[in-house]
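Chain by chain, the residues run as shown.
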2 protein chains.
Amino acid sequence: MGFSGQFFGQKSHYERGERMSPRAGLDVDILVRAAAEIADEEGIEEVTLARLAAKLGVRSPSLYNHINGLQGLRTQLAIYGLGELNTAIASAAEGLSGDDAVQAMGRAYVEFARSRPGLYKTTLSSPDPNNAELVAASERILSLIINLLQVYNLGKEGELHAVRGLRSILHGFASIVQEGGFGMPLDTNISLSRLIAAFLTGIGQMNIPGKYES
Amino acid sequence: MGFSGQFFGQKSHYERGERMSPRAGLDVDILVRAAAEIADEEGIEEVTLARLAAKLGVRSPSLYNHINGLQGLRTQLAIYGLGELNTAIASAAEGLSGDDAVQAMGRAYVEFARSRPGLYKTTLSSPDPNNAELVAASERILSLIINLLQVYNLGKEGELHAVRGLRSILHGFASIVQEGGFGMPLDTNISLSRLIAAFLTGIGQMNIPGKYES
DNA sequence: TATTATAACTAATGATATTAGTTTTGAGGA
DNA sequence: TCCTCAAAACTAATATCATTAGTTATAATA
């Protein structure tokens, strides 16, 4: 994947109280992956420049040579996270179509949020419309979903409503799972597959003006 | 509503550069409402003790006489927000049942998130299981939803899956709306009512073991 | 009026992000 | 091989937070 994993999972020079070696050899990729690790392992609120610098064995101002402050780091994290999410759901749906594909994608989506909780959260901030890369990453996921829905023949508008619906379902379910919001001992995988099944059963509604439209 | 609105929408003494009057007469309720106002108007990241103190015309340490630090304020905000949300959706569904009730509640839920964006966000943090008030506020909303679903005769387990589904739909949709995540010029109210319609059409699936259950 | 609980204060500490300006490195050209 | 120099890392400094400790002053009440 084009990345030297040297810093991950180890204490840095500073964390061990040693003197640093002259050049740390950082780049955006290393920063973002290390930050994602912090987000997943320690929580998103621990993703600070101070914490990241410590993990990488440098002083926090040094990070500014590679990213545009904390805001820039967050943007990069979102881009990275959306890319990973896209990879996960795309490969899950690969070779499938119809309900099978949607179910597989849904499972992968939620599993991503479960296994990379911090990184998933970074993808949720409003996609800064000024950042082309971020917008593109968002749109890649969107068109993946749109493709899966072609089969259902919903028409132009119906398709848009359906995409919104499916996104809502996946995001809502993933968020609640992640927060531990479903307390009880009832298998969440079953809940998810039945929710998607219910949605797909009624997906024809997306094309039908209903009596609840104000 | 048992609350003196004296501070809201006005600049404080400090903000106007005057000397303060001896006792500010604060209490938890005033703090929480002022904080909610900041959250809605300036964004949730602006809800700091410093900002809140300035708005109320006191110094930030004074706030500790009423709340348990920033963490405590956030907990109180979540409780308040869940209460307001509960009121909104309960009164929307009042006197209705079946699809009508679910549709009305869904509309009210999303409208709440739209009109009180900051306050809605405060309700999303994991419900600290140590805080009884917070848990109770969460559960009130949950049982409201459960009640609405009685009509559909889903059985014990089916009902639980359905609650999870509906919560996911509402939360997911509301979150995406709030983030401005649905770009285009397509009425979101229509998207929501059709999504709920699709869910209700397929709600029988909640009771049926499907072939996608791993 | 005197007492007293407590609301609000000041002062201090320790995180954090960020900027400015300095040092040092190491890669590529002389 | 040695020099140059862009850039990577640094130190120092500032500003904003949250939080704690200890002080002052208010206003209710005895």
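Residues numbered from 1 in each chain as written. Chains lettered and ligands numbered in written order. Predicted model: local features only at pLDDT ≥ 70, side-chain atom pairs only at ≥ 80, totals over all residues. Heavy atoms only, no water.

Before going further, it helps to examine the relation of the copies chain A and chain B. The transformation that overlays chain A on chain B combines an axial shift of 0.0 Å with a rotation of 180°, and the residual RMSD is 0.0 Å. The superposition of one copy onto the other is thereby described by a two-fold rotation axis. Closest approach to the rotation axis among the C-alpha atoms of chain A is made by Gly 172 of chain A, whose C-alpha sits 1.8 Å away. (Least-squares fit on C-alpha atoms with pLDDT ≥ 70 in both.)

Each partner contributes residues to the interface: chain A has 48 residues there, and chain B has 48 residues. When the two sides are added together, the surface that chain A and chain B hide from each other amounts to roughly 4300 Å², 60% of it contributed by carbon and sulfur. Ranking the residues of chain A by area buried against chain B places Arg 164, Arg 194 and Tyr 212 of chain A at the top, with a combined share of 21%. Between Lys 211 of chain A and Asp 100 of chain B there is a salt bridge, and its shortest N-O distance comes to 4.0 Å. At the boundary of chain A and chain B, one finds 16 residue pairs in polar contact (both at pLDDT 80 or more). For the side of chain A that touches chain B, the secondary-structure elements that each account for two or more residues are helix 4 (98–115), helix 7 (155–178) and helix 8 (188–201) of chain A. The greatest single-element share of the side of chain A that touches chain B, amounting to 13 residues, is contributed by helix 7 of chain A. Looking at side-chain class alone, the side of chain A that touches chain B contains 18 nonpolar, 19 polar and 11 charged residues. (Contact = heavy atoms within 4.5 Å. Buried area = accessible area lost by both parts, 1.4 Å probe. Salt bridge = Lys/Arg side-chain N within 4 Å of Asp/Glu carboxyl O. Polar contact = N/O pair within 3.5 Å; in protein donor to acceptor, adjacent residues only side chain to side chain. Helix = DSSP H or I, 4+ residues; strand = E, 2+ residues; numbered from the N terminus. Nonpolar A, V, L, I, M, F, W, Y, C, P; charged D, E, K, R; others polar.)

Now for the packing of helix 8 of chain A against helix 8 (residues 155–178) of chain B. Between two packed helices, the angle of one axis relative to the other and the distance separating the axes together describe the packing. Between helix 8 of chain A and helix 8 of chain B, the least distance of the axes is 9 Å, while the angle of their chain directions is 65°. Relative to helix 8 of chain B, the element helix 8 of chain A is oriented roughly perpendicular. Read as a crossing pair, helix 8 of chain A and helix 8 of chain B show a hand that is right-handed. For the pair helix 8 of chain A and helix 8 of chain B, the contacting residues are Thr 188, Ile 190, Ser 191, Arg 194 and Leu 195 of chain A in the first and His 161, Arg 164, Gly 165, Ser 168 and Ile 169 of chain B in the second. For the contact of helix 8 of chain A with helix 8 of chain B, a count of residues per class yields 3 nonpolar, 5 polar and 2 charged. (Axes fitted to C-alpha atoms, helices over the stretch in contact; angles between N-to-C directions. Parallel < 35°, antiparallel > 145°, perpendicular 65-115°, else oblique. Left-handed = near helix turned anticlockwise from the far one by under 90°.)

Attention shifts here to the nonpolar core. Ranked by size, the top nonpolar core spans 126 residues in total, and within it Leu 63 of chain A together with Leu 63 of chain B carry the most contacts. With residues near it in sequence (within four places) discarded, Leu 63 of chain B still touches Leu 26, Leu 31, Leu 49, Leu 52, Ala 53, Leu 56 and Val 58 of chain B. (Core = buried A, V, L, I, M, F, W, Y, C linked by side-chain atoms within 4.5 Å. Buried < 20%, exposed > 50% of the residue type's maximum accessible area, 1.4 Å probe, protein only.)

Our focus in this paragraph is the pattern of salt bridges. With the rule as written, the count across this model stands at 15 salt bridges over all chains. Note that Asp 40 of chain A and Arg 116 of chain A form a salt bridge whose closest N and O atoms lie 2.8 Å from each other. Here Asp 40 of chain A is found in helix 1 (residues 28–42), whereas its partner Arg 116 of chain A is found in the loop between helix 4 and helix 5 (117–122), with 76 residues between them in sequence. Judged by relative accessible area, Asp 40 of chain A falls into the buried class, the value being 19%. Of the charged contacts, one joins Lys 55 of chain B and Glu 37 of chain B as a salt bridge, the two residues approaching to 2.9 Å between their closest N and O atoms.

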